[in-house]
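The chain contents come next:
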Amino acid sequence: MFTSRALALGALTLALGLSPVFAEQIDPRDTAITARQALMNLYSFNLAPLVEMDKGTIPYDGVVATAAAANIMALSMLDQTSIWIEGSDHGYLESSNTLPTIWAEDSYLSGKVKGMVNTSVQLHDTVGNGIDALQTAVVKLNKSCNACHVYTIENTN
Amino acid sequence: MQKTIVSLAALAAVGAAGFFYLTRPQPFDTDAMNGLVGDAEKGELVFHASGCASCHMAPGTEDEEMAKILKGGLKFASEFGTFYAPNISPDPEQGIGSWSALDLANAMLRGVDTAGEHLYPAFPYASYRNTTLQDVADLYAYMMTLPADQTPSVPHELSFPFNLRFTLGAWKLMFVTDKWVVDGDLNESEQRGRYLVEVLGHCGECHTPRNVLGGMKRGDWLAGGIDPTGLVEFPALTPDKFTWSETDIAYYLRSGFTPDYDSVGGEMVHVVDNYSHLTNSDREAVAAYLMRVPAAN
């Protein structure tokens, strides 16, 4: 499990860092989408224990929850400047769920990324304090996710 | 010859009179809500279940308190023209502050405005049709506690013949009905879920495909729809295509997280915002109902 996570993180880091290097060979929108999807997969991977504890399908474990939240906090702090390239949307590549409206002037994308950092820090600081704290923090985290996800395609499949 | 022309003219006049009679706006009797007392606390739940703020808050609103300012302005492009959500704040001039609870019932259930004209079905009265009058009374009581706003409503931009409101009576005759889509032997929770999904939540408005006249294809109930822009598909919610468990559905409506730990997206962000205010039993009722929806044709 650790290996796959390390590999995914490595791939994400490469995609984040190297996209300008390959700009001539590969459309930067492709690498941006790949990097975003890798980032979202890592969020999902780390959300899993928190969501299952919240749902009640696994018992609450403050240590596991705090470790997962630490990873989410670290992910939220990655510099995302190069992965939100305007035009790297669903209209360009069907596998991208991002809608072009995310780049509209009133969407304030950068502010939302900062909001995610703040919420992730709160998540990390509180999920170890019991199941009630975890449940509150998970819902708050989702609202931060939604600040951007409102500009994506509904995903229920 | 003259006799034939007169006969044809008379026939046409009778036909036109019949058409206008059958398709006339049909508001409630003036005493329909007599004796009903609204409860604003219960009305807040009706407000969230009905998704009023999702369409009537200002475009781009994210703050929960700001979402209570129902000044309208959200744009809905369609093949018939562009609709703009009106101001429904309690402002007496620009909003609905001068309306009675009965006026609200006429709009929501009968698609008739205070001038006695048909409303466009961009306002989902085809779904709200079976709202209980007590729920309308409660909703009205709650809405009148919200902040008033003096922003004028933006007129719709519709081309001929869709700008002729009297034609909407024929649309109502064809596509608005009191009948439930999912009928039969439903338990109490499934019935509550049906009320939330088919009526207040107006889920079918997005998740059911539409015909060329914009009516919901009730035979393909919740089989998936397409946004009028053609860019966004609304997924099917029929059990053959939508395979989440009841627990997963209820959890999604509370937390916004999918069974594969993705976050809710698109318009469903607003729906989850709304349904997170309801009770667990209501969210479970929605899930129970969705299990009873027949597979798409």
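Scroll up to find the structure this text is about.
Since this is a predicted model, take the numbers as computed values, not measurements.

Calculation rules
Residues numbered from 1 in each chain as written. Chains lettered and ligands numbered in written order. Predicted model: local features only at pLDDT ≥ 70, side-chain atom pairs only at ≥ 80, totals over all residues. Heavy atoms only, no water. Helix = DSSP H or I, 4+ residues; strand = E, 2+ residues; numbered from the N terminus. Rg over C-alpha atoms; globule rule 2.2 N^0.38 Å. Buried < 20%, exposed > 50% of the residue type's maximum accessible area, 1.4 Å probe, protein only. Contact = heavy atoms within 4.5 Å. Areas by Shrake-Rupley, 256 points an atom, 1.4 Å probe, with all protein chains shown as cover. Lys, Arg positive; Asp, Glu negative; His and termini not counted. Charge placed at Lys NZ, Arg CZ, Asp CG, Glu CD. Axes fitted to C-alpha atoms, helices over the stretch in contact; angles between N-to-C directions. Parallel < 35°, antiparallel > 145°, perpendicular 65-115°, else oblique. Nonpolar A, V, L, I, M, F, W, Y, C, P; charged D, E, K, R; others polar. Pairing = 2+ DSSP bridges. Buried area = accessible area lost by both parts, 1.4 Å probe. Salt bridge = Lys/Arg side-chain N within 4 Å of Asp/Glu carboxyl O. Polar contact = N/O pair within 3.5 Å; in protein donor to acceptor, adjacent residues only side chain to side chain. Phe/Tyr/Trp six-rings, centres within 6.5 Å; stacked < 30°, edge-to-face > 60°. Lys NZ or Arg CZ within 6 Å of the ring centre and 35° of its normal. Core = buried A, V, L, I, M, F, W, Y, C linked by side-chain atoms within 4.5 Å. Domains from an automatic or database assignment.

Peer 1: Any chance you could explain the overall build of chain B here in plain terms?
Peer 2: Helix and strand content of chain B: 12 helices and five strands. Computed over C-alpha atoms, the radius of gyration of chain B comes to 20 Å, within 12% of the 19 Å expected from 2.2 N^0.38 for 297 residues, which places it in the range of a compact globule. Overall, the C-alpha framework of chain B stretches about 75 × 45 × 40 Å when taken along its three principal axes. Classification of the 297 residues of chain B by burial places 47% in the buried group. Sequence separation of at least 24 residues holds for 64% of the intrachain contacts in chain B that already meet a minimum separation of 6. For chain B, the exposed surface amounts to about 14,500 Å²; the carbon and sulfur share of it is 56%. Averaging the coordinates of the 20 positive side-chain charges in chain B and doing the same for the 38 negative ones gives two points 9 Å apart.

Peer 1: What should I look at first to understand the overall build of chain A in this one?
Peer 2: For chain A, the helix and strand inventory stands at five helices and zero strands. Moving toward the C terminus, one meets the helices and strands of chain A in the order α-α-α-α-α. Counting every position in chain A, which comprises 157 residues, the buried fraction comes to 46%. Of the contacts made within chain A by residues no fewer than 6 positions apart, 73% connect residues no fewer than 24 positions apart. Of the accessible surface of chain A, which amounts to about 7,800 Å², a share of 62% is contributed by carbon and sulfur atoms.

Peer 1: What exactly am I supposed to notice about the packing of helix α10 (residues 246-255) of chain B against helix α11 (residues 268-275) of chain B here?
Peer 2: Helix-helix packing is characterised by the crossing angle of the two axes and by the distance between the axes. Residues and elements named next belong to chain B. The N-to-C vectors of α10 and α11 enclose an angle of 90°; their axes lie 6 Å apart at closest approach. Comparing the axis directions of α10 and α11 gives the class roughly perpendicular. Two secondary-structure elements touch here, α10 through Y252, L253 and S255 and α11 through M268, V272 and Y275. The residue inventory of the contact of α10 with α11, partitioned by class, reads five nonpolar, one polar and no charged.

Peer 1: Teacher, can you tell me more about the pairing of strand β2 (residues 81-84) of chain B here?
Peer 2: Moving residue by residue along a regular strand, the side chains alternate between the two faces of the sheet. Residues and elements named next belong to chain B. Pairing between strand β1 (residues 75-78) and β2: four bridges, direction antiparallel. Across the sheet, residue F76 finds its bridge partner in β2, namely F83. Here β1 folds back onto β2 in antiparallel fashion, the turn holding two residues. Bridge count between β2 and strand β3 (residues 157-158): two bridges; the pairing is antiparallel.

Peer 1: Is there a simple way to explain the interface of chain A and chain B in this structure?
Peer 2: Chain A puts 29 residues into the contact, and the matching count from chain B is 32 residues. Buried surface at the junction of chain A and chain B, summed over both partners, amounts to about 2,600 Å²; 54% is from carbon and sulfur atoms. Among the salt bridges present, the one from B:D273 reaches A:K143, with a minimum N-O distance of 2.9 Å. Linking chain A with chain B are 14 residue pairs in polar contact (both at pLDDT 80 or more). For the side of chain A that touches chain B, the secondary-structure elements that each account for two or more residues are α2 (28-55) and α5 (131-149) of chain A. Ranked by residue count, the leading element in the side of chain A that touches chain B is α5(A), at 10 residues. Counted by class, the side of chain A that touches chain B contains 13 nonpolar, 10 polar and six charged residues.

Peer 1: What is the right way to read the packing of aromatic side chains from this model?
Peer 2: Here the structure, examined in full by the defined rule, presents eight aromatic pairs over all chains. With 4.9 Å between their ring centres and 40° between their planes, B:F242 and B:W244 make a pair best called tilted. Both residues of the pair, B:F242 and B:W244, count as buried. An aromatic cluster is defined as three or more aromatic residues linked by ring pairs; in this entry it consists of B:F242, B:W244 and B:Y252. Lying across the ring of A:Y92, A:R29 places its NZ or CZ 3.8 Å from the centre. In this structure, B:R24 packs its charged tip against the face of B:Y21, placed 4.1 Å from the ring centre.

Peer 1: Is there a simple way to explain the nonpolar core in this structure?
Peer 2: Where a protein is soluble and globular, its nonpolar side chains tend to be buried together. Counting 92 residues, the largest nonpolar core has A:L50, B:F47 and B:L290 as the members making the most contacts within it. Tallying contributions element by element places α2(A) first for this core, with nine residues. Among the domains, domain 1 (32-178) and domain 2 (184-297) of chain B are the pair contributing at least three residues each to this core. When neighbours within four sequence positions are excluded, A:L50 is seen to be in contact with A:A65, A:A68, A:I72, A:L123, A:V127, A:L134 and A:V138.

Peer 1: Looking at this structure, I do not really get the environment of B:A85. What am I missing?
Peer 2: Residue and element names in this part refer to chain B. Residue position: A85 is located in the loop between β2 and α4 (101-110). Between the alpha carbons of A85 and A122 there is a distance of 8.7 Å; along the sequence they are 37 residues apart. Beyond its immediate chain neighbours, meaning those up to four positions away, A85 contacts C55, H56, G72, G73, L74 and F76.

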